[in-house]
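Structural overview
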Amino acid sequence: MSLPIFLIGARGCGKTTVGEALSQALGYAFTDTDHHLQLSTQRSVTEIVEAEGWEGFRARETESLKAVTAPRTVIATGGGMILAEENCRFMQEQGQVIWLSASPEVLAERLESEPEAAQRPTLTGRPIADEMSDVLRERAHLYQAAAHHQVNAMQAPECVVEEILLSLSLARA
Ligand code: ADP
Ligand code: MG
């Protein structure tokens, strides 16, 4: 099987970290929709939203998803990718969708320990763990519905990779 593998989940769940390790284990390419969006527009997420609004951003995100989708590729998606039903349908039809699931506490702890995050205020000024709880409450059912498989992302990255390989019945390259 050489279908693309889409990793979905909240910011900090490990899409980039696990995605890179998974792509190496399989001998697949690795790509990131946020990265593609920034390269193709030469703008940051904030700049795109300021210029085109969230609707414009979401439309470009869908374009990026379609542009990076290819066989033998692990694709890390933006945390909000599942907000558009079109994106969910596309991922389900084109490949295998994996939800990297983690508790709000673990997500907050990881984001807080990132150097840039230390200086970055949260959107509301509230503790980041509270914000992650809200985000997961809003989105958990969407991640769940979009995913073919839910994987526990609160284990070491190599264990997360193993769980994904097992759930997809894929062997290391
Ligand atoms: P995402 O791409 O989903 O936003 P990242 O892969 O960038 O998440 O990971 C966010 C932070 O959490 C990074 O500092 C990364 O090193 C750490 N991290 C990711 N996965 C794990 C894991 N399974 N165990 C411990 N730390 C992790
Ligand atoms: Mg990432």
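The following refers to the structure shown.

About the criteria used
- In every chain, residue numbers begin from 1 and rise along the written sequence.
- Think of it this way: whatever chain is written first is A, whatever ligand is written first is 1, and the rest follow in order.
- Under the rules for a predicted model, residues below a pLDDT of 70 receive no local features and side-chain atom pairs below 80 are neither given nor counted, while totals for whole chains, interfaces and linings still include all residues.
- Side-chain figures throughout are based on the complete set of non-hydrogen atoms in the structure, without hydrogens or water.
- Buried residues are those whose accessible area, probed at 1.4 Å on protein chains only, stays under 20% of the maximum for their type, while exposed residues exceed 50% and partly exposed ones sit between those limits.
- Only runs of H or I of at least four residues qualify as helices and only runs of E of at least two qualify as strands under DSSP, and these elements are numbered from the N terminus.
- When DSSP finds at least two bridges between two strands, those strands are taken to pair.
- Nearness of a residue to a molecule or strand requires only that one of the residue's heavy atoms be within 4 Å of it.
- Two N or O atoms count as a polar contact when they lie within 3.5 Å, although within protein this holds only if one can serve as hydrogen donor and the other as acceptor, and sequence-adjacent residues are included solely when both atoms are side-chain atoms.
- Computed with the Shrake-Rupley method and a 1.4 Å probe, the accessible areas treat only the protein chains shown as cover for residues.
- In this count, Pro and Cys sit with the nonpolar residues alongside Ala, Val, Leu, Ile, Met, Phe, Trp and Tyr, while Asp, Glu, Lys and Arg are called charged and the others, Gly among them, polar.

Concerning the pairing of strand β1 (residues 5–8)
Side chains I5 and L7 of β1 all project onto a buried face; the interleaved residues F6 and I8 project onto the opposite face, where all are buried too. Both β1 and strand β3 (residues 73–76) contribute to a ladder of three bridges, which runs parallel. Along β3, the bridge assignment pairs I5 with V74. By the bridge criterion, four bridges tie β1 to strand β4 (residues 96–101) in an arrangement that is parallel. Each bridged residue has a counterpart across the sheet, and for I8 the counterpart in β4 is W99.

Notes on the site of ligand 1
Taken together, 14 residues lie near ligand 1, and G12, K15, T16, T17 and Q155 sit nearest. A distance of 2.9 Å separates an oxygen atom of ligand 1 from a polar atom in the backbone of G12. A distance of 3.1 Å separates an oxygen atom of ligand 1 from a polar atom in the backbone of G14. Within the complex, the protein chains bury 71% of what would otherwise be the 550 Å² of accessible surface of ligand 1. Class assignment for the residues of the shell around ligand 1 results in five nonpolar, five polar and four charged.

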